[in-house]
Amino acid sequence: MNTPRFEIYRASAGSGKTFLLSIHFLSLVLEDPEVFRRILGLTFTNKAAKELKERILYFLGLLAKLPNCNDGKLKVSILENLKNEGWNSSDEQTQQKARKALENILHYYGYFSISTIDAFMYRVVNSFTFDMKIAHDFEVELNEDVLIDEAIQRLLDRVGREKVITELLQNILLEMVDDERGWNIEREIREMAEIIFLEKSNEPLSELGTYTPEQIQEISSNVREYSKCIKKEAQRIAKDVLQKIASTGLSESDFKGGSKGSCLVWVKKFTEEDIKNITTFKSVNEALENDVWFTGKNDTKQSNFRPIKAEIKKNLEELIRLKREYLLASIVYDSLFRLPLYSNLYRTLEEIKLDNNVLHISDFNRLISKVIRSEPVPYIYVRLGMRFKHFLLDEFQDTSDDNFLLLKNLMPDDKPNLFAVGDDWQSIYGFRDANIDYMIRPHKYFRSVSKYFLTVNYRSRREINRISERAIKRNKNRSRKKIKSASGKGGEIVFKQYDSWRDEIEIIRQILS
C-alpha cells in the first residue's frame, strides 16, 4: 500500500489539512505499527503540532475501540478516508493494528516525532554542537529584539570612543536628516539589524565578515572620491561645450527642442544639477543617432557649427558615458555606505551570542546547511539516533530554502516519501524567507510529484469565500482553484472603518466576547 511517493495537497482554508495528515499517519502505522519511529511530522506552530498529535492518538483510540473514544460518525469518516489510502482490512484487524500502534507510541513516546520545524532544527543542531564548535549547554533565544536591544546599546556606547563607529553613525544621521527621516538613529539601526536575522542574509553576511569595517569604509570612501572626479569631469566638458557653441553665435532656441528641450539645455544641466537626476532628452538622441540638430534653417549659424560638430558630438557621447558611470558609482556607494554598520552590527550580535552562550532560532538554518553540505545523510541520522523514512509536512507553502534543503537531503532522491499539505493562498511567512515556489512548481525540485486539490471549505460560508477570493486573485504568483463552501449561503460581511488601532482592538474584543 505505502510505496515511495511525493504527494502535495493544495488545500484551502477550513478544508481539513490536519485531518488529512492524521489519516496518512494512520495508514502508515496500521500497515506496520512499528513504523511510527520512522515518521517525521513537521508543522510551523506548537499549537498545530499538539493538535496533530492529539488527533492521531484520538483516531487510533477510536479504531482501537477504547472506552473513552466514542464518535461513530467520525470513525466512519476515518475508515472511508483510510480506504482511499488503500487500507481494506477487516474491522477486527483494524482494531488490533490500531491498538498495537497506540501501545507502541505511548510506550516509546519520545520517538513520536511530530514537532515544529524549528524544534526539529534544534535537535539537529544539538546533535552537532561539537562539530560546529558550539557549547553543548547553549540556550535558544526566540526573541530577536532582546539581542538587537543589547547590540544597539553596545554600538552607541562606542560613540565618542571609537573614531570609525562615531563617524559612521554621524554620516548616517546626516543622511537621515537630508532625507527628512528625523533623528531617531536607534530606529534606523534596529531596521538594519532586523535584516541580519533574515535567512537570505546568511551568505552575504558571511562574505561581509571577511572584511573589517575599516576596509569597507575605505572602499566606500574611494568610490565616493571616484564619483566626485566623474562629476568634476562632466562639469568641465559641459562648460567647454557651452563656450564653443556660444562662440558660433548659436543659442538654445536655434537647436531642436528650443529653450526647454534642446541638447544645449541638457548640457547646461550638468553645470547646475546632480548628475543622477538628469534624464537624456529626445533632442540629444536625435542629434547623435540621426544627425538632427536644428529647427528651421539658418545657413549662416549652422555653417559656423559644422567645424565643431564632430567634437560636440563626441562631447555629448562622453557626457552620456560619464552619467552612466556616475549612476553606477552612486548605486555602489549607497550600498557600501551602510555596509560598515551592517558589519559592526553583525559582529556585535555574534559577540553577544557568544558572551551569553545563546543561539537565535534563525541561526539553526545556517548551521544546519553547513552540516548538510559537509556530512553524508547516514551520519546525520546516526547523530540524531533515528532514521526517518516517511515525512509529513504541514503548511508547505511557508517552507524556506534552508528548510527544504534539509528535508530534501534527508530523503533518498529516487524514492522520496513526502506527504505535504499547504495553501499557497495563505502564505504569510515571506518575512522569514518562505519560498512558495516549492508549493506551486514542485516538479522543478522532484522528478515525480502527484498533486491534489482540497477545495471544499468546511469552516466558512459562501459569502466569506467569495470576498476572500476577490482579494487573493490580485496575487499572480498562486495556484488556480475554485473554493466551495460546505455550509452554503448565509455568511454575513460587515465593513467598518475606525480612526485608530485602539478602536479596532475594542471592536474585535467585543466581537470575540
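So, here's what we can say about the structure.

What counts, and where the lines are drawn
- Residues numbered from 1 in each chain as written.
- Predicted model: local features only at pLDDT ≥ 70, side-chain atom pairs only at ≥ 80, totals over all residues.
- Heavy atoms only, no water.
- Helix = DSSP H or I, 4+ residues; strand = E, 2+ residues; numbered from the N terminus.
- Rg over C-alpha atoms; globule rule 2.2 N^0.38 Å.
- Contact = heavy atoms within 4.5 Å.
- Lys, Arg positive; Asp, Glu negative; His and termini not counted.
- Charge placed at Lys NZ, Arg CZ, Asp CG, Glu CD.
- Patch = residues over 30% accessible without salt bridge, like charges linked within 9 Å, V, L, I, M, F, W, Y side chains within 5 Å.
- Areas by Shrake-Rupley, 256 points an atom, 1.4 Å probe, with all protein chains shown as cover.
- Salt bridge = Lys/Arg side-chain N within 4 Å of Asp/Glu carboxyl O.
- Buried < 20%, exposed > 50% of the residue type's maximum accessible area, 1.4 Å probe, protein only.
- Axes fitted to C-alpha atoms, helices over the stretch in contact; angles between N-to-C directions.
- Parallel < 35°, antiparallel > 145°, perpendicular 65-115°, else oblique.
- Nonpolar A, V, L, I, M, F, W, Y, C, P; charged D, E, K, R; others polar.
- Phe/Tyr/Trp six-rings, centres within 6.5 Å; stacked < 30°, edge-to-face > 60°.
- Lys NZ or Arg CZ within 6 Å of the ring centre and 35° of its normal.
- Left-handed = near helix turned anticlockwise from the far one by under 90°.
- Pairing = 2+ DSSP bridges.

Attention now moves to the overall build of the protein. Looking only at helices and strands, one finds 21 helices and 10 strands in the protein. Taken over the C-alpha trace, the protein has a radius of gyration of 33 Å; the compact-globule value for 513 residues is 24 Å, which it surpasses by more than 25%. Each principal axis of the C-alpha distribution contributes one length, and for the protein these read about 110 × 60 × 55 Å. When contacts within the protein are restricted to residue pairs at least 6 apart in sequence, those whose partners lie at least 24 apart make up 78%. Distance between charge centres in the protein, computed from 81 positive and 77 negative side chains, equals 6 Å.

Here the focus is a positive patch on the surface. Together, Arg470, Arg474, Lys476 and Arg480 line one region of the surface with positive charge. Within the secondary structure layout, Arg480 lies in the loop between α20 (462-472) and β10 (484-485). Taking relative accessible area as the criterion, Arg480 reaches 53% and is therefore assigned exposed.

Attention shifts here to the pattern of salt bridges. Counting across every chain of the model gives 22 salt bridges. Note that Arg321 is salt-bridged to Glu325, the shortest N-O span being 3.6 Å. Residue Arg321 and its partner Glu325 are located together in helix α14 (residues 299-337), separated by 4 residues, close to a single helical turn. Judged by its relative accessible area of 27%, Glu325 falls in the partly exposed class. Salt bridges linked by common partners bring Asp145, Asp149 and Arg190 together as one network.

Close contact between helix α7 (residues 163-178) and helix α8 (residues 185-196) brings their axes to 10 Å; oriented N to C, the two are set at 105 degrees. Here α7 lies roughly perpendicular to α8, going by the angle between them. The segment α7 lies against α8, with Leu169, Ile172, Leu173 and Met176 engaging Ile185, Glu188 and Ile189. Residue classes in the contact of α7 with α8 are distributed as 6 nonpolar, no polar and 1 charged.

Now for the packing of aromatic side chains. Summed over all chains, the structure comprises 16 aromatic pairs. Ring geometry for Phe19 versus Phe59: centroids 5.7 Å apart, planes at 65 degrees, classification edge-to-face. Here Phe19, found in helix α1 (residues 17-31), pairs with Phe59, found in helix α2 (residues 46-64); they are 40 residues apart in sequence, far enough to count as distant. With relative accessibility at 18%, the residue Phe19 sits in the buried group. Taking the centre distance of 5.5 Å and the plane angle of 70 degrees together, the rings of Tyr109 and Phe112 count as edge-to-face. Since its relative accessible area comes to 36%, Tyr109 is described here as partly exposed. Take Phe112: its relative accessible area is 4%, and that puts it in the buried class. Members of the aromatic cluster, joined through ring pairs, are Phe255, Trp293, Phe294 and Phe305. Positioned over the ring face of Tyr108 is Arg37, at 4.4 Å from the centre of the ring. Here the guanidinium or amino end of Arg37 rests over the ring plane of Tyr111, the centre of that ring lying 4.8 Å away.

Moving on, we get to the packing of α1 against α2. Where α1 contacts α2, the two axes come as close as 9 Å, and the packing angle between them is 55 degrees. Between α1 and α2, the interaxial angle falls into the category oblique. Judged by the sense of rotation from one axis to the other, the crossing of α1 with α2 is right-handed. Contacts between α1 and α2 involve Thr18, Phe19, Leu21, Ser22, Phe25, Leu26, Val29 and Leu30 from the first element and Glu51, Leu52, Arg55, Ile56, Phe59, Leu60 and Leu63 from the second. When grouped by side-chain class, the residues that make up the contact of α1 with α2 number 11 nonpolar, 2 polar and 2 charged.

Once that is clear, we can look at the sheet that holds strand β1 (residues 6-10). Taken in spatial order, the 6 strands make up an open sheet running β3-β2-β6-β7-β1-β8, and their pairing is parallel. The strands lining the two open edges of the sheet, one partner per strand, are β3 (114-116) and β8 (450-453). Looking at each pair of strands side by side, their axes are set apart by 15 degrees on average, direction ignored. Two strands pair when backbone bridges link them, and strand β6 (residues 390-393) and strand β7 (residues 418-422) are joined in this way by 3 bridges, in the parallel orientation.

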